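Summary of the model geometry
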Amino acid sequence: MAHDLCVAEDMACIQTIETHKNDVTSVDFGIDAMLASGSGDGMARLWTWVSEDNCYIEADCSPLIGHKYGVNSVCFSPQGTMLLTGCGDGSSIVWNVKTGGRIHTFVPATAGAVRVCRFAPDSSAVLTAGDDGAIRVWNLLRRTLTRCVWAHEGAVHALAPTPDGRLLLSGCSNGALRVWALADEPSPSSPSRQQRSLTSSPRHASTLSGNTGPLETPLARVEAAHDLGVLAGDVSPQQLLVESESEPEDEAEASGPGGGKRLYHRYLAATGGNDNAVRLWDVRSPACGGCGSEVRAEVAPAEPHHALLGHGSAVTSVRFARAGSLLLSASLDKTARIWQVSSGACLSVVRGHTRFVFAVAASRCGTLLATGSYDQKVRVWALLGERRPPPAPAPAAARLPPPTLAHAGQERALLAHAEAEVGAAPSLLQRLQPPDAGAVNGLSFGPRGRMLASAHGDKMVRLWVRENATSRFAEADCSPLEGHRYSVLAAEFAPGPSPQLATCSLDGEALLWDIQAGERADSPLQCAGGGALRTLRISPDGHLLATAGDDEKVDVWSLHSGEMLLSAEGHTDAVAGLTISPDSQLLVSCSADGSIRMWALSPPSAQGLFVLEAAHDLGALTVDFSPSEGMPGKCRLDAADEDKEARGKGKDGHCYLLASGGNDEAVRLWRVRARFDGGVLAYSGECLHVLEGHTSLLTSVAFSPDCSLLATGSLDKVVMVWQLPAHLVFQLTGPDGSKSHTKRVVDWSPEDVDQWLREWGMPRLGGQARVARVYGVELITCPVQDVLAKLQGCEAGEASVEDVDIAAAVDGAVNEDDIELEEHIVQLIHWLKHAEATGSFSDALPDEEPPPEFLCPITHEVMRDPVICSDGFTYERAALSEWLLGRRFSSPMTNVPLSSSRLLPNVALRRRILEWMFGEVPPLEDEFAIVQPSAPAESPNEDPVEVEEGNKADS
């Protein structure tokens, strides 16, 4: 979309808002030109644009009251459904902009005033910083503090993430500018690769150790970015992919993905400070190429226009506008200025306030400008010089219901009803009771949740399958499996694409089964400890095998070497159940003595971490972790640790969902919190639900891989399958769908390429891309013929039943048996290259008005990743994920509670949008380059180049 820079020198003031009772400290624009303002009166206010009257009116849900002191920062979420406010009392509040309801309040144990707050680009995290010099990252879904880094010695006033969410820039009152890694990019083959990341869990962070140690070195820094202090900062939405002129450093780099090209992400940052200057910075970070290399960065003055001079006093706010082509600045000299980024020229000086101007922002449509001042006023200006430039309204068909007073009250009630479902209990979905079967001793779900294995007291292992995610389980044709001489006590599916099952028995043997053949796959594994093996588990990373039984010990073996790594003691009766956390960090065991114990696996330690002595009356027989990744969480501490926390020495940790069953015939769901520092320092366990229905002892529990189902088994010979509440499923799996939204193609791993092809309904080709190790950088830098040759040079990937079901359900999915499949692939790569060639998504949009069906009902903007929700409507994936992050488990269009959190890609609509944006595919020889050659960034010690006074608008 073209961005004409027809900015008038004399800005027209459309409206002056005089509602706040104190200085206006911050302003921001959301979707549909919604305006938010924060003030020293402790309130944040929302304003909606009325096209008929060409003015703003205060929203029905405004003001937002909840802070004790002045509001220093307001920020809309990337999709515009939430507002974040930061306050002088140290708290930050996330609000529902539609109803004005408070979603959550984030309050650290010790903190000064919050000076700046931002959302992560994928909406999954909230970033806050302020007077204490710390940067805090809060997980919006878990409502917990993920990281706390003591980043600066002075107060932090500038905080800006890059558009892809890889880096975070911060600036403080001492004049320092620093760059941090905001998100992990782990290697697919090395999940535990250490990264210098703010959003990673502590066990994955080596450089940023949170509030547990001394300040570590950031990725890049400029110690004197501004004399007397940095007061504001922002990063342009434009992001370029550049190629370094230097040669590859080694043979491995030369032969890597992308033909050995040294590719860099290039970002443009702006800062303002007490030296009256606006400064531009060139930030570069090597593209990982999907190989999981550690995040690195360098920062240097942007040439040739590094320092933009013209303000007569300190610069208090800087914001990029119109897809990064303009830069806005506000100052204590009572003016705001509009700069052309490409030339560094001042296009306009905005005058009208009678006191200091603290804040400036431009609407997302690029037609309006808002300023906030110490004179307690918010002024709205016509950015393009027109007297009355109303924002382009969304078509009526794409609008959400209007927020009238009656509707707002009704929605508050509906939202309260939906939020009340947070406490809803799991429901019984199905009972499985084969004739003449023995007691159920063990359960395990297959890798994709379509297969369930049950171990029985009649020496048999039974397999249950279902056709799709909504059908019921039925016994498989190859079931039952016979091979044990005595009762089978446990069954466990091994991780990986090929279905393999491990079982153990009273005969002391562990067997491996080939499920497809329905027969034993290897010779039995004999336990050296003697006695019956009652339970076994394989770690999710596939490296460890844990066994336990009548000898009251827990043994951990290396699957690769066969070496025993751990033999732990502590239980006083037979160990009946084992489970390993999804990150392979923790092992939990339960015993007939009624206790549940936790052990560390990284590294293995025989010293127990904690014990629940009376988890189940009369004995605990089975445990299972939810297969979701460990959830970042804040632990409950004892008095000594609370003192440490008060001094900023506390630990962050992880939260897990654990199910247990026992002789009391009940299943209990626990939330277990644990803190890591080489080992677990603290823990807490909270019982969430108690499930009842079996008529005898509970012997086994198992979560499905997508966390939507829980299977329970008992001596009553019945297998029960429970449906878990949708809110609990989303809390465990929800963030996965939104995090990929900001990842650039050049950073895709073969697994990401596989996922991209599967979303287009081509699972077999996705499997080929994974086997052939096709990286995203190859898709956009190598000739299409080379990519096709690499895909065709390996065996066809296997498509699971689930993939086939999804492909059949997706309207417009590519038929992999089509003789024109190659043409489809060429077209997809062509669109991918075009999308990657533009610095931002908005730049790729045509100038013509989009069809109404291309607009997301939530954001009213063109969708880049349309998905179909269970309510039947299509939304932008990131917008719907953000909607659910606010714990609104109802349809955005109907307010009816959603029946499922499952999202299906709307391939047909995505294809139409891409055709509208980029047109038909050109011939193969008409490929174009999207990577720009670039010289290395200059050193930050170079003297800055300042814009000549003659290039600036005269004040």
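Residues numbered from 1 in each chain as written. Predicted model: local features only at pLDDT ≥ 70, side-chain atom pairs only at ≥ 80, totals over all residues. Heavy atoms only, no water.

**A closer look at helix H6 (residues 750–759)**
For clarity, the cut-off: Exposure is judged per residue with a 1.4 Å probe applied to protein chains only, and the accessible area is read against the type maximum: over 50% gives exposed, under 20% gives buried, and values in between give partly exposed. In this description a helix means any DSSP run of H or I spanning at least four residues, a strand means any run of E spanning at least two, and both kinds are numbered starting from the N terminus.
In terms of burial, H6 is a largely internal element, seven of the 10 residues being buried. Among the residues of H6, Pro750, Val753, Asp754, Trp756, Leu757, Arg758 and Glu759 are the ones counted as buried.

**Here's the deal with the pairing of strand E39 (residues 509–514)**
Definition in use: In this scheme, strands are said to pair when DSSP sees at least two bridges between them.
Looking at chain direction, strand E38 (residues 500–505) and E39 are connected through five bridges and run antiparallel. Following the sheet pairing, threonine 503 is matched in E39 by leucine 511. What sits between the antiparallel neighbours E38 and E39 is a turn of three residues, in which glycine 508 has the positive phi angle 80 degrees. Bridge analysis of E39 against strand E40 (residues 519–520) gives two bridges, and the strand direction is antiparallel. Its bridge partner being in E40, aspartate 514 is matched across the sheet by glutamate 519. Linkage of E39 to E40, two consecutive antiparallel strands, is achieved through a turn of four residues, within which glycine 518 is found at a positive phi near 70 degrees.

**Section: the nonpolar core**
Cut-off, in case you're wondering: Take the buried residues of types Ala, Val, Leu, Ile, Met, Phe, Trp, Tyr and Cys, join any two whose side-chain atoms come within 4.5 Å, and each joined set is a nonpolar core. Should any heavy atoms of two residues lie within 4.5 Å, those residues are considered in contact.
With 55 residues, the main nonpolar core has Val753, Trp756, Leu757, Trp760, Met762, Leu779 and Ile825 as its most contacted residues. With sequence-adjacent residues up to four places away left out, leucine 779 is seen in contact with Trp748, Val753, Trp756, Val774, Val787, Ile829, Leu832 and Lys833. Among the nonpolar cores identified, the runner-up in size contains 20 residues, and Ala158, Leu219, Ala220 and Val283 belong to it.

**Some remarks on the packing of helix H7 (residues 763–772) against helix H9 (residues 784–792)**
Note the threshold: Note on definitions: angles span 0 to 180 degrees between N-to-C directions of axes, and those axes are lines fitted to C-alpha atoms, for helices only across the stretch in contact. Any angle that is under 35 degrees is reported as roughly parallel, and any over 145 degrees as roughly antiparallel; angles of 65 to 115 degrees are reported as roughly perpendicular and all others as oblique. Each residue is assigned to one class: nonpolar for Ala, Val, Leu, Ile, Met, Phe, Trp, Tyr, Cys and Pro, charged for Asp, Glu, Lys and Arg, and polar for all the others, Gly among them.
Two elements in contact, H7 and H9, have axes separated by 8 Å at closest approach and are oriented at 95 degrees. In terms of orientation, H7 and H9 fall into the roughly perpendicular class. Residues Leu765, Gln768, Ala769 and Ala772 of H7 touch H9, and the partners they reach there are Lys790, Leu791 and Gln792. When its residues are assigned to classes, the contact of H7 with H9 shows four nonpolar, two polar and one charged.

**Overview of the sheet that holds strand E48 (residues 596–600)**
Strand order in this open sheet of four strands is E46-E47-E48-E49, and the pairing throughout is antiparallel. Of all strands in the sheet, those with a lone pairing partner are strand E46 (575–580) and strand E49 (610–612), marking the two edges. In this sheet, neighbouring strand axes are inclined to one another by 20 degrees on average, regardless of whether the strands run parallel or antiparallel. As defined by bridge partners, strand E47 (residues 586–591) adjoins E48 across five bridges and the pair is classed as antiparallel. For leucine 586, the partnering residue across the bridge sits in E48 and is alanine 600.

**Re the side chain of histidine 456**
Position of histidine 456 among the secondary structure elements: in strand E33 (residues 451–456). With relative accessibility at 0%, the residue histidine 456 sits in the buried group. Setting aside its immediate chain neighbours within four residues, histidine 456 contacts Ala437, Gly438, Ala439, Val440, Asn441, Arg462, Ser487 and Val488.

**Thoughts on the pattern of salt bridges**
One side chain can pair with another of opposite charge once the charged atoms of both are near each other. Using the following cut-off: Salt bridges are defined as contacts in which a side-chain nitrogen from Lys or Arg sits within 4 Å of a carboxyl oxygen from Asp or Glu.
This model, assessed by the stated rule, comprises 26 salt bridges. Across the pair arginine 319 and aspartate 28 runs a salt bridge whose closest N-O atoms are separated by 2.8 Å. Residue arginine 319 is found in strand E24 (residues 315–321), and its partner aspartate 28 is found in strand E2 (residues 24–29); the two are separated by 291 residues along the sequence. On the basis of relative accessible area, aspartate 28 is assigned to the buried category, the value being 5%. Between aspartate 624 and arginine 537 there is a salt bridge whose closest N-O contact spans 2.8 Å. With a gap of 87 residues between them, aspartate 624 in strand E50 (residues 620–625) and arginine 537 in strand E42 (residues 533–538) connect regions that are remote in the sequence.

**Remarks on the environment of proline 851**
One can find proline 851 in the loop between helix H11 (821–837) and strand E58 (866–868). Judged by relative accessible area, which is 24%, proline 851 ranks as partly exposed.

**Here we look at the packing of H9 against H11**
Threshold: Two helices that cross are described as forming a left-handed crossing if the nearer one is turned anticlockwise from the farther one by less than a right angle, and a right-handed crossing if clockwise.
Between H9 and H11, the shortest axis-to-axis distance is 11 Å and the interhelical angle comes to 130 degrees. The angle between H9 and H11 falls in the class oblique. Both H9 and H11 take part in a crossing whose hand is right-handed. For the pair H9 and H11, the contacting residues are Val784, Val787, Leu788 and Gln792 in the first and Glu822, Ile825, Val826, Ile829 and Lys833 in the second. The residue inventory of the contact of H9 with H11, partitioned by class, reads six nonpolar, one polar and two charged.

**Digging into the side chain of arginine 379**
This is how the line gets drawn: His residues and chain termini do not enter the charge count, which takes Lys and Arg as positive and Asp and Glu as negative.
By the element assignment, arginine 379 lies in strand E30 (residues 378–382). Among buried Asp, Glu, Lys and Arg side chains, arginine 379 stands out as unpaired, with aspartate 375 the closest opposite charge at 4.9 Å. Each residue touching arginine 379, except ones within four places of it in the same chain, is listed here: Cys13, Gln15, Thr16, Gly352, His353, Leu369, Ala370 and Thr371.

**Points about the environment of histidine 560**
By secondary structure assignment, the location of histidine 560 is in the loop between strand E44 (553–558) and strand E45 (564–569). Taking the C-alpha atoms as reference, histidine 560 lies 8.2 Å from leucine 544; in sequence the two are 16 residues apart. Non-local contacts of histidine 560, meaning those with residues more than four positions away in its chain, are made with Gly542 and His543.

**Focus on the packing of aromatic side chains**
Definition in use: Aromatic rings from Phe, Tyr and Trp, taking only the six-membered ring of Trp, are treated as a pair when their centres fall within 6.5 Å; an angle between ring planes under 30 degrees marks them as stacked, one over 60 as edge-to-face, and anything in between as tilted. To sit over a ring, a charge needs its Lys NZ or Arg CZ within 6 Å of the ring centre and within 35 degrees of the ring normal.
Considering all chains together, one arrives at nine aromatic pairs under this definition. Taking 5.0 Å as the distance between ring centres and 75 degrees as the angle between the ring planes, the aromatic pair formed by tryptophan 49 and tyrosine 56 counts as edge-to-face. In this structure tryptophan 49 comes out as buried when scored by relative accessible area, which is 12%. According to the relative accessible area criterion, tyrosine 56 is buried, its value standing at 4%. Just above the ring of phenylalanine 356 sits the side chain of arginine 355; from NZ or CZ to the centre is 6.0 Å.

**Considerations on the sheet that holds strand E18 (residues 220–222)**
A sheet is described by the order of its strands in space; here four strands give the open sequence E15-E16-E17-E18, paired in antiparallel fashion. Strands at the two margins of the open sheet, each flanked by one partner only, are strand E15 (156–161) and E18. Averaged over all pairs of adjacent strands, the angle between their axes in this sheet comes to 15 degrees, without regard to strand direction. Pairing of strand E16 (residues 167–172) with strand E17 (residues 177–181) involves five bridges; the strand directions are antiparallel. The residue bridging glycine 171 from the neighbouring strand is leucine 177, located in E17.

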